[in-house]
Amino acid sequence: MLTNPNRKLLLRVGQLGALGTLFLLGIFDVNQSMHAGAGFALFQVAAAMLAAAVWLPSHPQGSETLPKVAFWLGIGSLILTAVISAASSMNESNRGFWGLAESLALLGVLFVVARRGKPGWSVAAVASVGAAVTFIPLRGGWDPSYVIFGLIQALAATGAIGLGVYLRTIESSRRRAVDAVRAEQRTEFARDLHDFIAHHVTGIVVQAQGAKFIAEQDPQRVLVALEQIEQAGAETMASMRRMVGVLRDPSSRPDAPLAPVAGVPELGLLTEQFTSAGGPLARLHVDGDPAGLPVEVSTSAYRVVMEALTNIRQHANAARVADIWVRRTPDWLLVRIANDGQPPKPATPRERPGYGLVGLTERVRAVGGRITAGPGIEGGWVVDAAFPLSSKAE
């Protein structure tokens, strides 16, 4: 999978290659036009440069400026075609090559508009630029050969539009899927938040009620109860601060059904169930006391292990062992899941992309942690997650 820096580098290399091709085609157009004695070569090269200036910059998705500029660019190209055709019909010495550089640049504009332009103006822009690409060969005359070249360029324009729409659809589908995963994660956060708040608040209420009965008999025990109430309240507030940012999204579903919270103490049962279901042997290694972890950290660690084991069963070919290491330090909870199978093959465009790692990343980052996944040094696949347990670690 390409990372963002690699994707940007590949984009820049492609843009440089396209500019180099335009440069060579521009030289060819000028030579052909000068050989024929035509005087419009420089105008055609200038039009190609203007078109390249439209598709070369990075445009945001749904850009409104891009299709407007492209529309007037297509109109200008059509006007230039009409002027050159009229001059050629009056004086055959003005006939030259129609401009391959401009044609290629306009095809790039069509692709970018179909890929990034805002609907509405994009329809008009595609119509004007598509017409410009189709009629450009008629600058050389109305011979059947030029008409055929016009039809060929019309097919190329259709291909550019189709490719842009296809990539736009894929990106839109993936964005909707990622948004759905994030909404589901927010729902899970809401469930967990409800459960640990209910746990802490119930304890606070019980201790406060008990303190009223023992206040007159044993004041010292009242002080202990108040300290416990203060500690429970502080833990609740700290947990809420780490999760409330994610729950601000109004698209989350507050009426979703609530479920019990599973955390690090339940990992033993999870690994037993994984092994008994058949497949790789799951081995759990715990270093440190898992008791007393913040609830949102404990549940997030559990979800990371659960998702990693699910991926091992689905994607780790020939895996025999899945090792889970959980280590608690004063400042961090460290989780690692590794298997000895073959790393998963990169997904092809036709395969449905997975969003499990997207959801885990959302969950881990919500509690201030970080997560990485990739091939292990000795083979297999390794997932590492680190959760902060103190303000120093954060």
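What counts and what doesn't
Residues numbered from 1 in each chain as written. Predicted model: local features only at pLDDT ≥ 70, side-chain atom pairs only at ≥ 80, totals over all residues. Heavy atoms only, no water. Phe/Tyr/Trp six-rings, centres within 6.5 Å; stacked < 30°, edge-to-face > 60°. Buried < 20%, exposed > 50% of the residue type's maximum accessible area, 1.4 Å probe, protein only. Helix = DSSP H or I, 4+ residues; strand = E, 2+ residues; numbered from the N terminus. Pairing = 2+ DSSP bridges. Patch = residues over 30% accessible without salt bridge, like charges linked within 9 Å, V, L, I, M, F, W, Y side chains within 5 Å. Areas by Shrake-Rupley, 256 points an atom, 1.4 Å probe, with all protein chains shown as cover. Salt bridge = Lys/Arg side-chain N within 4 Å of Asp/Glu carboxyl O. Axes fitted to C-alpha atoms, helices over the stretch in contact; angles between N-to-C directions. Contact = heavy atoms within 4.5 Å. pLDDT = per-residue confidence, 0-100. Core = buried A, V, L, I, M, F, W, Y, C linked by side-chain atoms within 4.5 Å.

All chains considered together, the criterion is met by two aromatic pairs. Centre to centre, the rings of phenylalanine 71 and tryptophan 72 are 5.0 Å apart; their planes meet at 75°, and the pair counts as edge-to-face. According to the relative accessible area criterion, phenylalanine 71 is buried, its value standing at 19%. Seen from their ring centres, phenylalanine 71 and tryptophan 121 are 5.7 Å apart, and the 75° between their planes marks the pair as edge-to-face. Of this pair, phenylalanine 71 sits in helix 3 (residues 65–90) while tryptophan 121 sits in helix 5 (residues 121–135); the two residues are 50 residues apart in sequence, bridging distant segments of the chain. Given the relative accessible area of 35%, tryptophan 121 is considered partly exposed.

Right, let's talk about the pairing of strand 5 (residues 381–388) for a bit. Within strand 5, six of the eight residues are buried, which leaves it mostly tucked inside the rest of the structure. Across seven bridges, the pairing between strand 3 (residues 332–339) and strand 5 is antiparallel. Looking at strand 5, one finds that valine 335 is bridged to alanine 385. The turn joining strand 4 (residues 370–375) and strand 5, which pair antiparallel and follow one another in sequence, is formed by five residues; a positive phi near 100° is taken by glycine 379.

Okay, a nonpolar patch on the surface next. There is a patch of nonpolar side chains on the surface, built from Phe23, Leu24 and Ile27 and spanning about 330 Å² of accessible area. Examined against the element boundaries, leucine 24 turns out to sit in helix 1 (residues 4–36).

The strand order across the open sheet built from five strands is 1-2-3-5-4, with neighbouring strands paired in mixed fashion. Lying at the two open borders of the sheet, with one neighbouring strand each, are strand 1 (281–287) and strand 4. On average, adjacent strands in this sheet sit at an angle of 10° to one another, irrespective of strand direction. Where strand 2 (residues 321–328) meets strand 3, seven bridges bridge the pair, whose relative direction is antiparallel. Opposite valine 326, over in strand 3, you have valine 335 as the bridge partner. Packed onto the sheet, helix 9 (residues 295–315) meets strand 2, strand 3, strand 4 and strand 5 and runs at close to 5° relative to strand 3.

Once that is clear, we can look at the confidence of the model for the protein chain. Confidence along the protein chain averages 77 in pLDDT terms, with 73% of residues attaining 70 or more. The model gives residues 252–260 a pLDDT under 50, and that stretch makes 12 contacts with residues more than four places away or in other chains. Every residue in residues 347–354 is under pLDDT 50, and counting partners more than four places away or in other chains gives two contacts.

This part takes up the side chain of serine 298. Tracing the backbone through its elements, the reader meets serine 298 in helix 9. Setting aside residues up to four positions removed in sequence, serine 298 forms contacts with Ala262, Gly263, Val264, Pro265 and Leu293.

For the rest of this paragraph, the subject is the nonpolar core. Of all hydrophobic cores here, the largest spans 31 residues; its most connected members are Val304, Leu333, Ile337 and Phe387. Per-element tally for this core: the top contributor is helix 9, with eight residues. Beyond its immediate chain neighbours, meaning those up to four positions away, phenylalanine 387 contacts Val297, Ser300, Ala301, Val304, Asp331, Trp332, Leu333, Val335, Val364, Val367 and Gly369. Ala52, Val54, Trp55 and Leu66 belong to the second largest nonpolar core, which has 26 residues in total.

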